[in-house]
Amino acid sequence: MKAFISHSSVDKPFVERLATDLRTREGIDAWLDKWEILPGDKIPEKLEEGLSSADIFILVLSPESVNSQWVSYEKDAWLTAQVNEEVAAKKESRTPNRRLIPVLYKDCEKPFFLQSFLHVSINDQNYEDGFQQLVRGIRGESGKPPLKGETTATPVSPLPEGQFDSGVAPRILAFNLLKSLLTSQFDEVIFRYDIDESQLPTNVAQVQKATDVIKFARQKEGGSLSGLLDAIYQVAPHLRK
């Protein structure tokens, strides 16, 4: 999962903290210009590269960012791609792979084009609560408590990006690995593991599909899930410790 963070340079200290926490605490590949654009690079080309490879566009809102030409350029490029993706997804009866999440850092007038988007408020006073809301939004998790008698996956302590404890239960390990994959990688795992996509729900978040994939795998091979884990590591070998 890759998230492009669009922001004003005035808000850089906050944005760098946010991007670092997304990467080191949640394993979400946050794209930040400070880390990705090096001396001698062509800025527009690097921005286009970051935007085209991202699944999530995080727009950090502040009085400075809503008046930034660079932020406007990034926003326009993303919305164009998102509209095209939504049209394609509708034709193919699937969930769009690109989403925009506004993050309100400082009070400002919300741009007209964002009026229909629910934002997350994150600042120095509510940082931790806001951060967890953002993470749930990125992963498509509502945080809704289960109904009485309904089972849920065991909560897992977040680990640094690309690192997963091989000693945890295979079900939890597989879940963590699946939800960290890019959409294209997730689809390839389904193909390699020979899962009939008609058995999986449509128009749901990847985290929900991951749960159903694990249920299918447990029926197919029991508790070890070795075949599913092998398929994941073949697609994303960097996740193997």
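Thresholds, definitions, all that
Residues numbered from 1 in each chain as written. Predicted model: local features only at pLDDT ≥ 70, side-chain atom pairs only at ≥ 80, totals over all residues. Heavy atoms only, no water. Helix = DSSP H or I, 4+ residues; strand = E, 2+ residues; numbered from the N terminus. Expected span 1.5 Å × (residues − 1). Buried < 20%, exposed > 50% of the residue type's maximum accessible area, 1.4 Å probe, protein only. Contact = heavy atoms within 4.5 Å. Pairing = 2+ DSSP bridges. Axes fitted to C-alpha atoms, helices over the stretch in contact; angles between N-to-C directions. Salt bridge = Lys/Arg side-chain N within 4 Å of Asp/Glu carboxyl O. Patch = residues over 30% accessible without salt bridge, like charges linked within 9 Å, V, L, I, M, F, W, Y side chains within 5 Å. Areas by Shrake-Rupley, 256 points an atom, 1.4 Å probe, with all protein chains shown as cover. Lys, Arg positive; Asp, Glu negative; His and termini not counted. Charge placed at Lys NZ, Arg CZ, Asp CG, Glu CD. pLDDT = per-residue confidence, 0-100. Parallel < 35°, antiparallel > 145°, perpendicular 65-115°, else oblique. Left-handed = near helix turned anticlockwise from the far one by under 90°. Nonpolar A, V, L, I, M, F, W, Y, C, P; charged D, E, K, R; others polar. Phe/Tyr/Trp six-rings, centres within 6.5 Å; stacked < 30°, edge-to-face > 60°. Lys NZ or Arg CZ within 6 Å of the ring centre and 35° of its normal.

(A) View of helix H8 (residues 206-221). Here H8 spans 22 Å end to end across 16 residues, near enough to the 22 Å set by a 1.5 Å rise per residue. The complete set of buried residues in H8 reads Gln206, Val207, Ala210, Val213, Ile214, Phe216 and Ala217. Turning to H8, the residues buried within the fold contact helix H5 (127-139), helix H6 (170-180), helix H7 (183-192) and helix H9 (226-235).

(B) The environment of Pro201, seen in detail. Summarising the element assignment, Pro201 is placed in the loop between H7 and H8. Among residues more than four places away in sequence, those in contact with Pro201 are Lys209 and Asp212.

(C) Quick peek at the sheet that holds strand S4 (residues 99-104). Spatial strand order, S2-S1-S3-S4-S5: five strands in an open sheet with parallel pairing. Each end of this open sheet is capped by a strand with a single partner; those strands are strand S2 (29-31) and strand S5 (120-121). As judged from the six bridges shared by strand S3 (residues 56-61) and S4, these two strands associate in the parallel manner. Its bridge partner lying in S4, Val60 is registered against Val103. Contacts between H5 and the sheet are confined to S3, S4 and S5, with S4 contributing the most and set at about 175° to the helix.

(D) Structural view of the pattern of salt bridges. This structure, assessed with the given rule, holds 14 salt bridges. Close ionic contact of Glu16 with Lys34 constitutes a salt bridge, the shortest N to O distance being 2.9 Å. Placement of the pair is Glu16 in helix H1 (residues 12-26) and Lys34 in helix H2 (residues 33-36), with a sequence separation of 18 residues. Residue class for Glu16 comes out partly exposed when judged on its relative accessible area of 23%. The partly exposed category is assigned to Lys34, whose relative accessible area is 48%.

(E) How the structure looks around a negative patch on the surface. A surface patch of like charges, here negative, comprises Asp187, Asp194, Asp196 and Glu197. Within the secondary structure, Asp194 sits in the loop between H7 and H8. Residue Asp194 is classed as exposed on the basis of its relative accessible area of 61%.

(F) Geometry of the confidence of the model for the protein chain. Per-residue pLDDT for the protein chain averages 83, and the proportion of residues at 70 or more is 90%. When mean pLDDT is compared element by element in the protein chain, S3 scores highest at 95, while H6 scores lowest at 79.

(G) Region of interest: the packing of helix H3 (residues 43-53) against helix H4 (residues 69-91). Two elements in contact, H3 and H4, have axes whose closest approach is 11 Å; the angle formed by their N-to-C orientations is 40°. Overall, the two elements H3 and H4 adopt an arrangement that is oblique. Seen along the crossing, H3 lies across H4 with a hand that is right-handed. Taken together, the residues of H4 that come into contact with H3 (itself represented by Ile43, Pro44, Leu47 and Leu51) are Trp70, Tyr73, Glu74, Ala77 and Trp78. Here the contact of H3 with H4 is built from residues that sort into eight nonpolar, no polar and one charged.

(H) Structural context of the packing of aromatic side chains. All told, the structure shown has eight aromatic pairs when counted by the stated rule. Between Trp70 and Tyr73 the ring centres are 5.9 Å apart and the planes differ by 90°, which places this aromatic pair in the edge-to-face class. Of the two residues, Trp70 and Tyr73 both sit in helix H4, three residues apart, roughly one turn of that helix. On the basis of relative accessible area, Tyr73 is assigned to the partly exposed category, the value being 36%. Measuring from ring centre to ring centre gives 5.9 Å for Tyr127 and Phe131, while their planes differ by 15°; the resulting arrangement is stacked. Linking Tyr127 with Phe131, this pair stays in helix H5, spanning four residues, or about one helical turn. Considered together, Tyr127 and Phe131 belong to a single accessibility category, that of buried residues. Chaining the aromatic ring pairs together yields one cluster made of Phe4, Trp31, Phe57 and Trp78. The residue whose ring lies beneath Lys75 is Phe113, and the NZ or CZ to ring-centre distance is 4.5 Å. Here the basic side chain of Lys220 rests over the ring of Tyr193, its NZ or CZ set 4.0 Å away from the ring centre.

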